[in-house]
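# Descriptive structure summary
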Amino acid sequence: MNQRPLWGSIVLYAGALLVVVMSVYPFLYTITTSLKTGTELFSTSLFPSAPTLYNYITLFKGKQPFGTQLGNSIMVATVTVTISMFMAITAAYALGRINFKGKSALLLAILAVSMFPQVAVLSGMFELMQALGLYNRSIGLVVPYTVFTLPFTVWMLTTFMRGLPKELEEAAIMDGCGPMRIIFEVFMPLLAPALVSTGLLAFIGAWNEFMFALTFVTDDFKRTVPVGISMISGATAYEIPWGSIMAASVIVTVPLVVLVLVFQQKIVSGLTAGAVKG
């Protein structure tokens, strides 16, 4: 077995360190800045001399209904992921396990939908939201979010579904199981890593979405967090509450970090499943 040369190890670890610093430093800067107040916000020091939670307290007590917006984001992202995953796993079973005419064309059509930029369908989606009576309603964001999330989840789960052994499905059919029972009782436990990784990526996409949330909701109490943060402003650049903006950014980021840490093992298993065969 060939051993990596010393210079190769140095380059590898230096590159890894650079990636870690570039990934962690912005979040560290955001956290430390959220603990600063007054003129210290504009100081060059990374760490605050007198850390305080003032920005976090004023964020929930200010004019901006940040707490309500946080709840709206949780609700919209959760409902979007639930609907997308249910529809995706049933569609993935049909596309991955059943042979029918036009399946390849259908997969290409699903992929083509995900290629459209949001701005290209904004006017049409606006008309749809008004026709359904969902304009300026938080729950209405589930419709455009699902439209853009579903192609990704279907493609991901179809790939995993194809890799499941046919013997399991044949045995389930022999025992009298129907398609829905095969999906949810036989295949779903095996697809747990894929469901977690796909669902988490879908949740992040819905959680961070900005354009649709800004366009389809105008009431501050019905907006989601990304738009709410953009609405935090002051009369001048010096009056902008940068501390509150940083505190809001930390609060929005922490749930995603926690989810990744909690499901880290399943995420890695899901993303690497099928990479090695035999």
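Our subject is the structure that appears above.
Residues numbered from 1 in each chain as written. Predicted model: local features only at pLDDT ≥ 70, side-chain atom pairs only at ≥ 80, totals over all residues. Heavy atoms only, no water.

## Section: the overall build of the protein chain
Quick reminder of the rule: Secondary structure follows DSSP: runs of H or I at least 4 residues long count as helices, runs of E at least 2 residues long count as strands, and numbering of each begins at the N terminus. The rule is simple: take the accessible area with a 1.4 Å probe, protein chains only, and divide by the maximum for that residue type; under 20% is buried, over 50% is exposed, in between is partly exposed. By definition, residues are in contact when any of their heavy atoms lie within 4.5 Å. In these tables, accessible area is a Shrake-Rupley quantity obtained with a 1.4 Å probe, and a residue counts as shielded only by the protein chains included in the view. Neither His nor the chain ends contribute to the count of charged residues, in which Lys and Arg are positive and Asp and Glu negative. By convention, the charge on Lys lies at NZ, on Arg at CZ, on Asp at CG and on Glu at CD.
Looking only at helices and strands, one finds 13 helices and 0 strands in the protein chain. Element order for the protein chain, N to C, with α for helix and β for strand: α-α-α-α-α-α-α-α-α-α-α-α-α. Taken along the three principal axes of its C-alpha coordinates, the protein chain extends 70 × 65 × 35 Å. Every one of the 278 residues in the protein chain was classed for burial, and the buried ones make up 37%. Long-range pairs, those at least 24 residues apart, make up 71% of the contacts in the protein chain with a sequence separation of at least 6. Only carbon and sulfur atoms are counted for the fraction: they give 69% of the accessible area of the protein chain, which is about 16200 Å². The distance from the centre of the 15 positive side-chain charges to the centre of the 11 negative ones in the protein chain is 4 Å.

## Some details on the nonpolar core
This is how the line gets drawn: The set of buried Ala, Val, Leu, Ile, Met, Phe, Trp, Tyr and Cys residues whose side-chain atoms join them within 4.5 Å is what this entry labels a nonpolar core.
With 56 residues, the main nonpolar core has Phe66, Leu157, Met161 and Leu191 as its most contacted residues. In terms of residue count, the dominant contributor to this core is helix H3 (residues 66-97) (11 residues). Contacts of Leu191, omitting those with residues within four sequence positions, involve Ile89, Phe160, Met161 and Leu164.

## A look at helix H1 (residues 6-34)
Applied cut-off: Under the convention used throughout, the expected extent of a helix is 1.5 Å for every residue step, that is, one less than its residue count. What is called the bend at a residue is the angle between a pair of axes, fitted to the seven residues leading up to and ending at it and to the seven starting from it.
In a regular helix each residue adds 1.5 Å, so 29 residues correspond to 42 Å; H1 covers 41 Å between its end C-alpha atoms and thus fits that length. Of all the bends in H1, the greatest, near 30°, is centred on Val24, and the proline Pro26 appears no more than four residues after it. Looking at H1, one finds that the buried residues are Gly8, Ser9, Thr30, Thr32, Thr33 and Ser34. Tucked into the core, H1 has its buried residues touching helix H2 (54-61) and helix H12 (242-262).

## Points about the layout of surface pockets
Under the convention used in this document: In this analysis a 1.4 Å probe is tested at points of a 1 Å grid over the protein atoms alone, and where it fits but cannot get out there is a cavity; an open set with protein on both sides within 12 Å along at least five of seven lines is a pocket; lining residues have an atom within 4 Å of a point. Grid points are joined across faces, edges and corners, and a volume is the space filled by probe spheres set on the points.
Of the pockets and cavities examined, the second largest pocket occupies roughly 270 Å³. Together, 14 residues line the second largest pocket, and Val81, Leu195, Val196, Gly199 and Leu200 are the ones closest to its centre. Of all the secondary structure elements, the ones that give two or more residues to the lining of the second largest pocket are H3 and helix H9 (192-208). Considering each element in turn, the lining of the second largest pocket owes the most residues, 6 residues, to H3.

## Looking at the environment of Thr32
Applicable threshold: For this analysis, a polar contact is any N or O atom pair within 3.5 Å, provided that within protein one partner can donate a hydrogen and the other can accept it, and provided that sequence-adjacent residues contribute only side-chain to side-chain pairs.
Within the secondary structure, Thr32 is located in helix H1. Separated by 133 residues in the primary sequence, Thr32 and Pro165 have C-alpha atoms spaced 50 Å apart. With near-sequence residues (within four places) excluded, Thr32 lies in contact with Leu46, Phe47 and Pro48. A distance of 3.0 Å separates a polar side-chain atom of Thr32 from the backbone oxygen of Tyr29.

## Here we look at the packing of helix H8 (residues 179-190) against H9
Applicable threshold: To get an axis, a line is fitted to the C-alpha atoms, and for a helix only the part in contact is used. The angle between two axes follows their N-to-C directions and goes from 0 to 180 degrees. Orientation is classified from the angle alone, with under 35 degrees giving roughly parallel, over 145 giving roughly antiparallel, 65 to 115 giving roughly perpendicular, and any other angle giving oblique.
One can describe the packing of H8 onto H9 by two numbers: an axis separation of 4 Å at closest approach and a directional angle of 75°. As summarised for this structure, H8 and H9 are arranged roughly perpendicular, according to the angle between their axes. Between H8 and H9, the residues in contact are Met188, Pro189 and Leu190 and Ala192, Pro193 and Leu195, respectively.

## Here we look at the pattern of salt bridges
A side chain of one charge can pair with a side chain of the opposite charge when the charged atoms of the two come close. What counts, and what does not: Should a side-chain nitrogen of Lys or Arg be within 4 Å of a carboxyl oxygen of Asp or Glu, the pair is scored as a salt bridge.
As enumerated under the stated definition, the model contains 3 salt bridges in all. Among the salt bridges present, the one from Arg97 reaches Glu169, with a minimum N-O distance of 3.1 Å. With Arg97 in helix H3 and Glu169 in helix H7 (residues 166-174), this pair connects stretches of sequence that are 72 residues apart. The burial state of Arg97 is the same as that of Glu169; both residues are buried.

## What to know about the packing of aromatic side chains
Note the cut-off: Two aromatic rings from Phe, Tyr or Trp, using only the six-membered ring of Trp, form a pair when their centres are within 6.5 Å; if the ring planes differ by under 30 degrees the pair is stacked, by over 60 it is edge-to-face, and anything between is tilted.
Summed over the entire model, instances satisfying the criterion amount to 9 aromatic pairs. Consider the rings of Phe148 and Phe212, whose centres lie 5.5 Å apart with planes at 55°: the pair is tilted. One end of the pair, Phe148, is in helix H6 (residues 142-162); the other, Phe212, is in helix H10 (residues 211-216), and 64 residues separate them in sequence. Among the residues examined, Phe148 registers a relative accessible area of 21% and is labelled partly exposed. An aromatic cluster of three or more residues is present, and its members are Phe126, Tyr135, Phe148, Phe212 and Phe216.

## Remarks on the environment of Met85
Note that Met85 resides in helix H3. Met85 sits 87 residues away from Ala172 along the chain, and the two C-alpha atoms are 23 Å apart. Discounting residues that sit within four places of it in the chain, Met85 has contacts with Thr153, Leu157, Leu195, Thr198 and Gly199.

## Overview of the packing of H7 against H8
What counts here: A clockwise turn of the near helix away from the far one marks a right-handed crossing, whereas an anticlockwise turn of less than a right angle marks a left-handed crossing.
Running from N to C, H7 and H8 point in directions that differ by 155°, and their axes come no closer than 11 Å. Viewed along their axes, H7 and H8 adopt a mutual orientation that is roughly antiparallel. Note on packing geometry: the crossing formed by H7 with H8 is right-handed. From H7, Leu168, Glu169, Ala172 and Ile173 reach across to H8, where they touch Ile182, Val186, Phe187 and Leu190.

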